[in-house]
Amino acid sequence: MAWVNGGPATTLASEDRGLLYGDGLFETIAIRQGQPCLWRAHLERLAAGAARLGIPMPPIAQWRAETAAMLAAAGVPASATLKLVLTRGTGARGYAPPAAPCPTRLLLLYPDGPQRPWLRSWEQDGVLVRHCRTRLGINPSLAGLKHLNRLEQVLARAEWPPPGEAPVATRVAEGLMLDAWGNLVCGTMTNLFLVDADGGVRTSDLAHCGVAGTVRDLVLRCADQLGMPVQCCRLRPSALGRARGAFLTNALIGLWPVRRIDDLNLDPQALPPVLAARIRQACFTPEPDW
Ligand SMILES: Cc1ncc(COP(=O)(O)O)c(C=O)c1O
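Residues numbered from 1 in each chain as written. Predicted model: local features only at pLDDT ≥ 70, side-chain atom pairs only at ≥ 80, totals over all residues. Heavy atoms only, no water.

Colleague: Just checking my understanding: could you explain the state of the cysteines for this structure?
Modeller: A covalent bond between the sulfur atoms of two cysteines is referred to as a disulfide. All chains considered together, the criterion is met by zero disulfides. Residue Cys 37 stays outside any disulfide, its sulfur separated by 8.1 Å from that of Cys 283, the closest cysteine. On the basis of relative accessibility, which here comes to 1%, the residue Cys 37 falls in the buried class. (Disulfide = S-S within 2.5 Å. Buried < 20%, exposed > 50% of the residue type's maximum accessible area, 1.4 Å probe, protein only.)

Colleague: What exactly am I supposed to notice about the domain arrangement of the protein chain here?
Modeller: Interface size, as often reported, equals the accessible area lost upon joining of the parts. Here the protein chain is partitioned into domain 1 (2-111) and domain 2 (118-284). Look at where the C-alpha atoms of domain 1 and domain 2 centre, and you get two points 26 Å apart. Where domain 1 abuts domain 2, roughly 1700 Å² becomes buried across the two surfaces, and 65% of that area is made up of carbon and sulfur atoms. The tally of links between domain 1 and domain 2 comes to six residue pairs in polar contact (both at pLDDT 80 or more). Here the element with the most residues in the side of domain 1 that touches domain 2 is strand S3 (residues 24-32); it accounts for eight residues. A class-by-class count of the residues in the side of domain 1 that touches domain 2 yields ten nonpolar, eight polar and five charged. (Domains from an automatic or database assignment. Buried area = accessible area lost by both parts, 1.4 Å probe. Polar contact = N/O pair within 3.5 Å; in protein donor to acceptor, adjacent residues only side chain to side chain. Helix = DSSP H or I, 4+ residues; strand = E, 2+ residues; numbered from the N terminus. Nonpolar A, V, L, I, M, F, W, Y, C, P; charged D, E, K, R; others polar.)

Colleague: Got a minute to help me understand the site of the ligand in this structure?
Modeller: The full set close to the ligand counts 13 residues, and Arg 45, Lys 146, Thr 214, Val 215 and Ala 251 are the nearest of them. Interatomic distance of 2.9 Å between a side-chain N/O atom of Arg 45 and an oxygen atom of the ligand. Within the contact set of the ligand, an oxygen atom lies 2.8 Å away from a backbone nitrogen or oxygen of Ala 251. Burial of the ligand by the protein chains amounts to 93% of its free accessible area of 390 Å². Its residues placed into classes, the shell around the ligand shows four nonpolar, seven polar and two charged. (Near = heavy atom within 4 Å. Areas by Shrake-Rupley, 256 points an atom, 1.4 Å probe, with all protein chains shown as cover.)

Colleague: How should I be thinking about the nonpolar core in this particular structure?
Modeller: The tendency in soluble globular proteins is for nonpolar side chains to be buried side by side. Val 127, Leu 176, Leu 194 and Val 258 are the most contacted members of the largest nonpolar core, which has 21 residues in total. Mapped onto this core, the elements with two or more residues apiece are strand S7 (127-131), strand S8 (172-178), strand S10 (191-196), helix H7 (238-242), strand S13 (243-250) and strand S14 (254-261). Ignoring any residue separated from it by four or fewer positions in sequence, one finds Leu 176 in contact with Val 129, Arg 130, His 131, Cys 132, Leu 184, Cys 186, Gly 187, Leu 192, Leu 240, Leu 248 and Ile 261. (Core = buried A, V, L, I, M, F, W, Y, C linked by side-chain atoms within 4.5 Å. Contact = heavy atoms within 4.5 Å.)

Colleague: Would you mind going over the packing of helix H6 (residues 214-225) against helix H8 (residues 273-284) with me for this structure?
Modeller: The relative placement of two packed helices is expressed as an angle between their axes plus a distance between the axes. At a closest axis distance of 10 Å, the pairing of H6 and H8 adopts a crossing angle of 135 degrees. Comparing the axis directions of H6 and H8 gives the class oblique. The crossing of H6 and H8 is right-handed. Between H6 and H8, the residues in contact are Val 215, Leu 218, Val 219, Cys 222, Ala 223 and Gln 225 and Leu 275, Arg 278, Ile 279, Ala 282 and Cys 283, respectively. By residue class, the composition of the contact of H6 with H8 is nine nonpolar, one polar and one charged. (Axes fitted to C-alpha atoms, helices over the stretch in contact; angles between N-to-C directions. Parallel < 35°, antiparallel > 145°, perpendicular 65-115°, else oblique. Left-handed = near helix turned anticlockwise from the far one by under 90°.)

Colleague: Help me understand the packing of helix H2 (residues 39-53) against helix H3 (residues 60-73) in this model?
Modeller: Closest axis-to-axis distance for the H2/H3 pair is 11 Å, and the angle between their directions is 130 degrees. On the basis of the axis angle, H2 is oblique to H3. Crossing handedness for the pair H2 and H3: right-handed. Residues Trp 39, Leu 43 and Leu 46 of H2 form the contact with H3, whose own contacting residues are Ile 60, Trp 63, Arg 64 and Thr 67. Broken down by class, the residue content of the contact of H2 with H3 amounts to five nonpolar, one polar and one charged.

Listed below in C-alpha cells is the structure:
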C-alpha cells in the first residue's frame, strides 16, 4: 500500500528529485500490534537529516496522522514494515535545489508474510556473514544520514544470492562493508558491533560513511545504562580476528548475533544476555503515546 502527500497513490511526479538525484531521506519502521516501534527515534533522525540537507521537514504530527490513517486503512496489521520517504519534491532540470522546495511525503506499507521459522534460530544461534568486495565511499557531509542514495548497498547485496536461493543451513544473512580506506564500517543493512575478549564492545564511529542506526543509538544508550559503555572508534578488519563475538542491528531485525564471518567462527553468546534482551524489547514494543 502506498500513500503520497496524504492519500492513496501509486505514482510520483516524474520530476521528483528523490527519483532523479536520490535527493531525500527514508526510515524503515517495524509495525507491531498495528503501531510503529521506535517512532520517536525514527522521526528524530528524519528531522535531523532533513535539517542537514536543507529539506523542509513536515510536522511530526502530520507524519503521525498519515501513518495512523494508513495503518487503519490497512486493517491495523499485527506485524508489518512501514517505510517513510521524504524528498525535496520536484524542481527544474539541474542539480540546483529549488529556492522554495515543496517536499514529497511517501508512505509505503508492507504486511509481513508468513513466519520464517529460521529467523528464531538466527536470533538465538547467530547468523552467517560474509565480506563484501564493494566499498563505501568516504563522505563526511553525508555520513550518518539515511539518505536515498543506496547504490553501494545495492551492489554489495548483489554479491550473494537473494534469500530463498540458498539452503537455510548455509544462508548468508548479511555482508560486511569496508570503506575506501579499508576500515570496517557496517553491514549492507545493519550496524556492526564487536565484542572483545575482555567483554568490551566497539562499533565504527561513522565519521566518514555509514548510517547512524536507530538501534545502534539504542545499543549505545542501553549499554551506558548497564555500565558497559560502547567505544565508537575506527575499526580495522584485523579487529575481527581478535574479537570474541559480533552482532548486527537494525530496526527490522532488532539484533542478530554473528556465528561466523566467512571462515572465522565467533561466539554468538558473547553479548551479555541482559543487553540483548533490553534491545530486543525496546525494538519491538510500540511506544504507547507515539
Ligand atoms: C545501510 C544501513 N545501515 C544501518 C542501518 C540500521 O539502521 P536502523 O537501526 O535505523 O534500522 C540500516 C537500516 O536499514 C541500513 O540500511
